[in-house]
Amino acid sequence: MSGTVDKKGPGAPFLHVAVGVIWQQGKVLLSRRASHQHQGDKWEFPGGKLEAGETVLEALQRELTEELAITVQNAQPLMEVRHRYPEREVLLDIWLVDAFSGEPHGVEGQAVQWFAASELDTLSFPDANQPIVERVMQLV
Ligand SMILES: Nc1nc2c([nH]c(=O)n2[C@H]2C[C@H](O)[C@@H](COP(=O)(O)OP(=O)(O)OP(=O)(O)O)O2)c(=O)[nH]1
Ligand SMILES: [Mg+2]
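Residues numbered from 1 in each chain as written. Chains lettered and ligands numbered in written order. Predicted model: local features only at pLDDT ≥ 70, side-chain atom pairs only at ≥ 80, totals over all residues.

## Structural notes on the overall build of the protein
At step 1: A tally of regular secondary structure across the protein gives two helices and seven strands.
At step 2: In terms of overall dimensions, the protein is globule-like: its C-alpha atoms have a radius of gyration of 14 Å, near the 14 Å expected for 140 residues.
At step 3: Once the C-alpha set of the protein is aligned to its principal axes, its extents read approximately 45 × 30 × 30 Å.
At step 4: Considering only contacts within the protein whose residues lie at least 6 apart along the sequence, 64% involve residues at least 24 apart. (Helix = DSSP H or I, 4+ residues; strand = E, 2+ residues; numbered from the N terminus. Rg over C-alpha atoms; globule rule 2.2 N^0.38 Å. Contact = placed C-beta atoms within 7 Å.)

## Digging into helix H1 (residues 56-68)
Each α-helix winds once per 3.6 residues, and so residues spaced three or four apart point in a common direction.
At step 1: Counted at 1.5 Å a residue, the expected span for H1 with its 13 residues is 18 Å, and the 17 Å between its end C-alpha atoms agrees.
At step 2: For H1, the complete set of buried residues consists of Val 56, Ala 59, Leu 60, Gln 61, Glu 63, Leu 64, Glu 67 and Leu 68.
At step 3: As for H1, its buried residues are in contact with strand S1 (14-24), strand S2 (27-32), strand S4 (47-49), strand S5 (71-84), strand S6 (89-101) and strand S7 (112-116).
At step 4: Phi turns positive one or two residues past the end of H1, at Ala 69, with a value near 60°. (Expected span 1.5 Å × (residues − 1). Buried ≥ 20, exposed ≤ 12 C-beta atoms within 10 Å, placed from the backbone.)

## Side note on the site of ligand 1
At step 1: Residues in contact with ligand 1 amount to 19 residues; listed here are only the nearest, Glu 44, Gly 47, Gly 48, Pro 126 and Ala 128.
At step 2: Here the shell around ligand 1 is built from residues that sort into nine nonpolar, six polar and four charged. (Near = placed C-beta within 6 Å. Nonpolar A, V, L, I, M, F, W, Y, C, P; charged D, E, K, R; others polar.)

## So, unusual backbone geometry
At step 1: Positive phi outside glycine occurs at Gln 25, with the angle close to 50°.
At step 2: Here Gln 25 is to be found in the loop between S1 and S2.
At step 3: Positive phi outside glycine occurs at Asp 41, with the angle close to 70°.
At step 4: Here Asp 41 is to be found in the loop between S2 and strand S3 (43-44).

## Looking at the UniProt feature "domain: Nudix hydrolase" (unreviewed entry) in the protein
At step 1: Residues annotated by UniProt as "domain: Nudix hydrolase" (unreviewed entry) correspond here to residues 12-138.
At step 2: Between the first and last C-alpha atoms of residues 12-138 the distance is 33 Å; the span itself is 17% helix and 43% strand. (UniProt positions renumbered as here; feature names shortened; annotations may be inferred.)

## Things to note about the nonpolar core
At step 1: Ranked by internal contacts, the top residues of the largest apolar core, which has 30 residues, are Val 21, Leu 60 and Val 97.
At step 2: Every element with two or more residues in this core is listed here: S1, S2, H1, S5, S6 and helix H2 (130-137).
At step 3: For this core, the element with the most residues is S1, which contributes seven residues.
At step 4: Once residues lying within four places of it in the same chain are set aside, the contact partners of Val 97 are Gly 20, Val 21, Ile 22, Trp 23, Val 72 and Ala 75. (Core = buried A, V, L, I, M, F, W, Y, C linked by C-beta atoms within 7 Å.)

## Here's the deal with the confidence of the model for the protein
At step 1: Chain-level statistics for the protein give a pLDDT mean of 94 and a share of 93% at 70 or above.
At step 2: Across the whole predicted complex the pTM is 0.92, and at the interface the ipTM reaches 0.94. (pLDDT = per-residue confidence, 0-100.)

## Structural notes on the environment of Val 136
At step 1: With respect to the helices, strands and loops of the structure, Val 136 is situated in helix H2.
At step 2: Considered as a pair, Val 136 and Ala 18 are 118 residues apart in the sequence and their alpha carbons are 16 Å apart.
At step 3: Val 136 has contacts with Val 21, Val 28, Ala 117 and Leu 120, leaving out every residue within four places of it along the chain.

As structure tokens, this is what we get:
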């Protein structure tokens, strides 16, 4: 299923998004969304929209290479979150990434930072992320 061509509802785009919770010793790697993007300036779990013909895992691997220059070595499905923003609806397909190679950095110029899971509730995330934050804080 493509993340960009599917439509749901009266003209609002429906986006299928592969999202990685990159986990290492109780810490999580977050990226900061650029100002010009949807939900700009907020912290996010890295990832992005599925392209035509991709599985979610393929999209996750591609996005984490494009955005962070890492290679996913192990990932498992964690949860799915559906959320309707006024301008679009998203299905976030969230995977726990607990092994990767490479040194992550913001390939697209975005801020990238490790945070303790316990401090996630002090950060500003897109509205859809509340259940993800709650779940990740329980992983510790
Ligand atoms: N990656 C990511 N996207 C999120 C999160 N929470 C959330 O609501 N979203 C939304 C924001 C966007 O509407 C959509 C992801 O799209 P995106 O703009 O990151 O997609 P992309 O990486 O393919 O970016 P682009 O090439 O279109 O710039 O999902 C999150 O934690 N991580
Ligand atoms: Mg993205």
